[in-house]
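# Topology and contacts: notes
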Amino acid sequence: MNPVLYDFKRGLLRLSVIVALSLFILAGVGLAYLTSSTLATTPGTTYVALYSYVSPARNQFYLEALLLTPDLKLTEGGIFYELGNFTFSKPNTPPETTVLDSGVVTGYGKISVLKNLTSPIGQFDKQSSLYLKVDVTTKTGSYSFTTSYSRPFTLDNDTVYVASSIPFSRPADWAFYCLNETSIPIKELIPQTRPPGVIVLTPLQGRTLSDKYLDTAFLLVSHGQGRYELVSVVLLLDRDNLTYELYLVPNSTSLPDKVDYGNLASYLIPLGEVAPGLNLVRFNVGNSSELEKIVWDFQSVTTTTGEDIVGSLHVLLVARNSSCVIVGYANSMVSTVSSVPMGKIVAGVLAGTVGLAPFSMFFPILMIYLAYVYLAKPRSSGSLEFLLARPITRLDVYVTRFVAGVLVALASSLLFFASTMLTLQALIGVYFDLYSYLLLFAGLAASLIAFYSVCYAIASSTRGGAYIALAVAAYLLFTILYQIIVIVVTQLQGIGPDLYERLRVNTYISYYLSPLGPTSFSQYYFGIHNGLSIEPKNVGSVVNPLLVVASAVLWVIVPFVIGWLKFRRANLIG
């Protein structure tokens, strides 16, 4: 085998290199788990719709919940609950707290638990109050709240007390009717003239039902570029345990007075089925012009956070039993919610101080080791002199061992981000576009190669302990001392309200003067690409893509050339 290729192969297939590559894979998995745990412990980055009841007669407790991501999609998680009783035994004294039950329920999307309590619930009166304390943790965040049981409802011939919490819920007008005919009087249900947000329910032919309960939240989720989706959380309590067809009533003056039960889909917009308990219904509205067809009293208000839609929605819930057609009607104001894609939230963690930054601080240590085993150590032991006794030149040794280190840096970066991407997708179902990963990969790989070039140049003129000392000094300079220098320089420029902004600008200027700067620049562009605003605006004036590429290339080429000028005349005798 050609001596050059043999030396190159030996350099790449070292056990220590294989171990280092394995560590980069584990680090990628670790970054994904760190990101996941950071999200799970971040308050306010998840939603939960919850419904619970207690039965004093049966001494029974039921809890049902929908676990939702910030973009209102079902997610996996768990709920710790505590059911207790506040007893006000004496005036002007704190209530006595008695915990009746507690536990944890986990699952995906809709989760529930039904328990027979060992401790008696007691009576509902002015002297006591039953509460439910909830701590929710999902893959996307955490949420805590406390609610109380106050609403009596007849369920299975038993009086239960209900507690509920639905995000973005607004007061709604609703009623259920048992109609004696199959024709549904649409216009009687929905008055055509009324004050905005106010409706007077008209008595219909038939009878009004009081054994139902309805709570709704109508959310218009803005996905940007004028695209909207209707997401509705519906809580339905029904003593008859019926499943209803849910219809959206369009904002149209051409609606007929009556529509036959079997022909509703010709005039109304079907949204799906609604069963007793919590339901999540989604409907793709389309662009903003389509909103006026479904939102009554439509108004578009421009705010500092974007476009806010003002108006109300009308829905019908229709079912049939053996005696009549049951029609439920609800009218509620809409809430406009800007969709926060999970990818954007995860990107914020990756680009932040608890994401990629801690890992990128320690990766250059591998480059110190590679330059040591490829050049500094062989110089100390005299093995380079033995190698040069073969038909191989100093330039061959210098270039092939440098290329071996570059390939290890590239492979390490690739394995790190590949393992991060696959683990993130497995843990929280989030993946980024290829360009995002290419940005992060290019930044980390460029930093590792540039720092390896610096260490390689040091190894070309030193050996053994002297190399270790100088390489570690270079590492500390570029990872710690540079930050201190930037802080000192910024403060010498003056203390003022713009101190933080000047600090960030000076920090990015310093990245041009560091071989590890490309990683920080790639995080900056990664944040911009994923819609994050994590840096002051003035930072953009000093971050130039051409200068970023030029500084990275210079940090690779200049130390490499200087190292070669030293190495070609160096004494290689150990």
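Residues numbered from 1 in each chain as written. Predicted model: local features only at pLDDT ≥ 70, side-chain atom pairs only at ≥ 80, totals over all residues. Heavy atoms only, no water.

### Side note on the sheet that holds strand β9 (residues 158-165)
Rules: Each pair of strands is called paired provided DSSP finds at least two bridges between the two strands. Helix and strand definitions follow DSSP, with helices as H or I runs of at least four residues and strands as E runs of at least two, each counted in order from the N terminus. Inter-axis angles, ranging from 0 to 180 degrees, are taken between N-to-C directions of lines fitted to C-alpha atoms, where helices are fitted over the stretch in contact.
Overall, antiparallel pairing links the five strands, which are arranged β5-β2-β1-β9-β8 in an open sheet. Edge positions in the sheet fall to β5 (110-116) and β8 (151-155), since each of these pairs with one other strand and no more. Each neighbouring strand pair of the sheet contributes to a mean axis angle of 25 degrees, computed without reference to strand direction. In this structure, strand β2 (residues 60-68) lies alongside β5, joined through seven bridges in antiparallel fashion.

### Digging into the confidence of the model for the chain
The cut-off we apply is this: What pLDDT conveys is the predictor's confidence in a given residue, as a value from 0 to 100. Any pair of residues with heavy atoms lying within 4.5 Å of one another is described as a contacting pair.
Averaged over the chain, the pLDDT score is 81; the fraction of residues at 70 or greater is 84%. Note that pLDDT drops below 50 for residues 192-207; the model gives that stretch 39 contacts with residues more than four away or on any other chain.

### Section: the packing of helix α9 (residues 394-428) against helix α10 (residues 434-461)
This is how it is decided: For classification purposes, an angle smaller than 35 degrees is called roughly parallel, one larger than 145 roughly antiparallel, one from 65 to 115 roughly perpendicular, and anything else oblique. For any helix crossing, the convention is left-handed if the near helix is rotated counterclockwise from the far helix by under a right angle, and right-handed if that rotation is clockwise. As a working rule, the residues Ala, Val, Leu, Ile, Met, Phe, Trp, Tyr, Cys and Pro are called nonpolar, Asp, Glu, Lys and Arg charged, and the rest polar, with Gly in that last group.
For the pair α9 and α10, the least separation of the axes is 9 Å and the interaxial angle reads 150 degrees. Judged by the angle between their axes, α9 and α10 are roughly antiparallel. For the pair α9 and α10, the sense of crossing is right-handed. For the contact of α9 with α10, a count of residues per class yields 20 nonpolar, four polar and one charged.

### Comments concerning the layout of surface pockets
Quick note on the threshold: Residues are called lining when one of their atoms sits within 4 Å of a cavity or pocket point, these points coming from a 1 Å grid over the protein atoms alone, where a cavity is a set in which a 1.4 Å probe fits but cannot get out and a pocket is an open set with protein on both sides within 12 Å along at least five of seven lines. Grid points are joined across faces, edges and corners, and a volume is the space filled by probe spheres set on the points.
The calculated volume of the largest pocket comes to roughly 770 Å³. Those elements that place two or more of their residues in the lining of the largest pocket are α6 (356-362), α10, α11 (464-492), α12 (499-512) and α13 (517-529). Here the element with the most residues in the lining of the largest pocket is α12; it accounts for seven residues. Each residue belonging to the lining of the largest pocket can be placed in one class, and the counts come to 16 nonpolar, 13 polar and two charged.

### Topic: the nonpolar core
Rules: We define the nonpolar core as a collection of buried residues of types Ala, Val, Leu, Ile, Met, Phe, Trp, Tyr and Cys that are connected through side-chain atoms lying within 4.5 Å of one another. Here the term buried applies to any residue with accessible area under 20% of the maximum for its type, exposed to any over 50%, and partly exposed to those in between, with areas from a 1.4 Å probe on protein chains only.
F416 and Y467 are the most contacted members of the largest nonpolar core, which totals 63 residues. For this core, the elements supplying multiple residues, two or more each, are α2 (15-40), α5 (342-350), α6, α7 (364-381), α9, α10, α11 and α14 (545-567). Once residues lying within four places of it in the same chain are set aside, the contact partners of F416 are F24, A27, G28, L31, L356, F359, F363 and L444. If you look at the next biggest cluster of nonpolar residues, it comprises 29 residues, including L236, L242, V285 and L291.

### Description of the pairing of strand β14 (residues 227-238)
Along β14, 11 of the 12 residues are buried, which leaves the element largely enclosed by surrounding structure. Pairing between strand β13 (residues 212-222) and β14: 11 bridges, direction antiparallel. Bridge pairing links A217 to V233 in β14. Relative to strand β18 (residues 277-287), β14 runs antiparallel, the two being bridged by 10 bridges.

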